[in-house]
Amino acid sequence: MDRFLQRQKSGRNVTAHQRHSEFKQWTHVSGGKLFCTVCNVVVNHERKSVVEKHRDSAKHQTKSKGEPSGSVPAKRQKTITSCNGVTSTSSAPNTISREARNELCKGLVAVFAACNIPLSKLDHPQFRNFLHKHVVNGGAVPKSRQLQKCYLQRELADKKDLVQKAIEGKPVAVICDEMSDDIGRLVLNVLVAPMEPDSDGKIKSYLLDTVFLPKTDHAQVSGAVITTLVNWKVKFQDVITFNTDNAAYMKKAFREVIKGVMPNCSHVTCLAHIMNLLGESFRKPFEQTNKYVKSANAIFWHAGARKARYIRYLKESDPEKTPKLAPNPVGTIWNCWYDAVEYHQENMDAFLGFIKAEVAHSKVPYCDTPIPGRPVCRYQNTN
């Protein structure tokens, strides 16, 4: 009868050490927490059913089969307090394992986002093995899809709050740039830069939104800019600069729309775009030079054997000089055009000598009349 009158132990009165005495083969205690030695995770020790449920889980059974019978891993995870010599026999809160898991996942997503590392890298077997062996509670980290669903949105909300505080109540510059992606969509990037230096003495710009436009005109651009500023709660009177390229629709967007709703705003065109226009205007008068560098580049287009012969010819002509191919004269990058012109100016004699050698050793006879269905491609005599 006494055993019925004796007070039974409730879940909250059971310590991690007491629960460990029931499952000694695959658990250990550190810092008042019950760890699964096989899975390297914290297990809630207050309820026996929770421990048994973890023991019977597919994940635990799979990892248990990989361990030799009766053996335990050489390394056991410990808490910081136990490593410092502090022990605790009091029972942990009911949500201790969940909180530890959430903190680890949240910190992991924050680090990956800051370093611009895709979360899919977490699914690599080597990375999962590293988490399991060397990170406390690392075996509880879910796959990348669950991290994206549950934790990435929280990280985005936290970063959005930080950007909101950085631009709130400060004079800002709105920066817009339109481009096309790899499938031809029109993309408008809207950035904002507070006109006050941060703690490092630098002025940083923040990407507020990336808008896909159906077409590029002043109405679409101005509408996207105003909508973005409203969503981020940026006051129109705080916008003092509208920075864009020299495109006509950008000028019209500022002149007809933005200037009316943002009275303190001034339009500033991008200096890099202006420098590009200067480079284009300088290149246009040299028509013969343009034809020469384009023709020289076309000779080596999809001709790997000819490139090898040209490098060998340069080595034989001047052994002391390092041979290299001519730069590609990209029309949209005028620095490349200048580099190509400078290269051909320095290697004019060697290039003409190579052309003569190619004509002399060519197996294709010279033909004045074009052959139907074949492109006309012949070398002219330079003598």
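Scoring rules and cut-offs
- Residues numbered from 1 in each chain as written.
- Predicted model: local features only at pLDDT ≥ 70, side-chain atom pairs only at ≥ 80, totals over all residues.
- Heavy atoms only, no water.
- Helix = DSSP H or I, 4+ residues; strand = E, 2+ residues; numbered from the N terminus.
- Buried < 20%, exposed > 50% of the residue type's maximum accessible area, 1.4 Å probe, protein only.
- Areas by Shrake-Rupley, 256 points an atom, 1.4 Å probe, with all protein chains shown as cover.
- Salt bridge = Lys/Arg side-chain N within 4 Å of Asp/Glu carboxyl O.
- Polar contact = N/O pair within 3.5 Å; in protein donor to acceptor, adjacent residues only side chain to side chain.
- Patch = residues over 30% accessible without salt bridge, like charges linked within 9 Å, V, L, I, M, F, W, Y side chains within 5 Å.
- Core = buried A, V, L, I, M, F, W, Y, C linked by side-chain atoms within 4.5 Å.
- Contact = heavy atoms within 4.5 Å.
- Pairing = 2+ DSSP bridges.
- Expected span 1.5 Å × (residues − 1).
- Arc of directions from axis to C-beta.
- Axes fitted to C-alpha atoms, helices over the stretch in contact; angles between N-to-C directions.
- Phe/Tyr/Trp six-rings, centres within 6.5 Å; stacked < 30°, edge-to-face > 60°.

Peer 1: When you look at the overall build of the chain in this model, what are you seeing that I'm missing?
Peer 2: Regarding its fold elements, the chain presents 16 helices and eight strands. Looking at the 383 residues of the chain, the share that counts as buried comes to 30%. As displayed, the chain offers around 25,200 Å² of accessible surface, 54% of which is attributable to carbon and sulfur atoms.

Peer 1: So what exactly am I meant to see when it comes to the pattern of salt bridges here?
Peer 2: Any two side chains of opposite charge can pair, given that their charged atoms come close. Within this structure, the stated rule accounts for eight salt bridges. In this structure, R55 and D56 form a salt bridge, with 3.3 Å as the shortest nitrogen-oxygen distance. Ionic contacts of the salt-bridge type, sharing partners, join the residues R19, E22 and K48 into one network.

Peer 1: How should I be thinking about the side chain of H28 in this particular structure?
Peer 2: Locating H28 in the fold gives a position in strand β1 (residues 27–30). Within the structure, the side chain of H28 is placed 2.7 Å from the side chain of T37, a separation counted as a polar contact.

Peer 1: Please clarify how a nonpolar patch on the surface should be interpreted in this entry.
Peer 2: Taken together, M195, I203 and I240 make up a surface patch of nonpolar side chains, about 230 Å² in accessible area. As for its position among the elements, I240 is in strand β7 (residues 239–244).

Peer 1: What is the right way to look at the nonpolar core in this model?
Peer 2: In a soluble, globular protein the nonpolar side chains are often hidden away together inside. V174 and L188 are the most contacted members of the largest nonpolar core, which has 27 residues in total. Sort the elements by how many residues they give to this core and helix α11 (residues 248–261) lands first, with five residues. In this structure, L188 is in contact with C176, D177, E178, D209, T210, V211, L213, V221, A224 and M250, ignoring residues within four places of it in sequence.

Peer 1: Is there a simple way to explain the pairing of strand β2 (residues 33–36) in this structure?
Peer 2: Side-chain direction in a regular strand flips from residue to residue, so the side chains alternate between the two faces of the sheet. Examined bridge by bridge, β1 and β2 share four bridges and lie antiparallel to one another. Bridged to V29 within β2 is L34. Turn length for the β1-β2 hairpin, with the two strands adjacent in sequence and antiparallel, is two residues, and the turn residue G31 shows positive phi of about 65 degrees. Pairing between β2 and strand β3 (residues 41–43): three bridges, direction antiparallel.

Peer 1: Which parts of the structure should I look at to understand helix α10 (residues 218–231)?
Peer 2: Owing to its 3.6 residues per turn, the α-helix aligns residues three or four sequence positions apart on the same side. Over its 14 residues, α10 runs 20 Å from end to end, which matches the ideal 20 Å to within 8%, given 1.5 Å per residue. When α10 is considered as a whole, its buried residues turn out to be V221, S222, A224, V225, T228 and L229. Buried residues of α10, seen end-on, are gathered within an arc of 160 degrees and therefore sit on one face of the element. Each element contacted by the buried residues of α10 is listed here: β4 (172–180), β5 (186–194), β6 (206–213), β7 and α11. Downstream of α10 by one or two residues, K233 has phi in the positive range, about 60 degrees.

Peer 1: Any chance you could explain the sheet that holds β5 here in plain terms?
Peer 2: By way of backbone hydrogen bonds, the strands of a sheet pair with one another, either parallel or antiparallel. The sheet built from five strands is open, its strands ordered β6-β5-β4-β7-β8 with mixed pairing. In this open sheet, the two edge strands, each paired with only one partner strand, are β6 and β8 (266–269). The average angle at which neighbouring strand axes cross in this sheet is 20 degrees, direction not considered. Pairing analysis gives nine bridges linking β4 to β5, with the strands arranged antiparallel. Bridge pairing links E178 to L188 in β5. On top of the sheet, α10 reaches β4, β5, β6 and β7; it is set at about 140 degrees to β6, its chief contact.

Peer 1: Is there a simple way to explain the packing of aromatic side chains in this structure?
Peer 2: Aromatic ring pairs are defined here through the distance separating the ring centres and the angle between the ring planes. Under the counting rule described, the total for this entry stands at twelve aromatic pairs. Consider the rings of Y310 and F354, whose centres lie 5.0 Å apart with planes at 70 degrees: the pair is edge-to-face. Placement of Y310 in helix α14 (residues 304–317) and of F354 in helix α16 (residues 348–360) is noted, with a sequence separation of 44 residues between them. Grouping residues by exposure puts Y310 and F354 together as buried.

Peer 1: Would you mind going over the side chain of S144 with me for this structure?
Peer 2: For S144, the location among the structural elements is in helix α8 (residues 144–150). If sequence neighbours within four positions are ignored, S144 has contacts with L119, S120 and D123.

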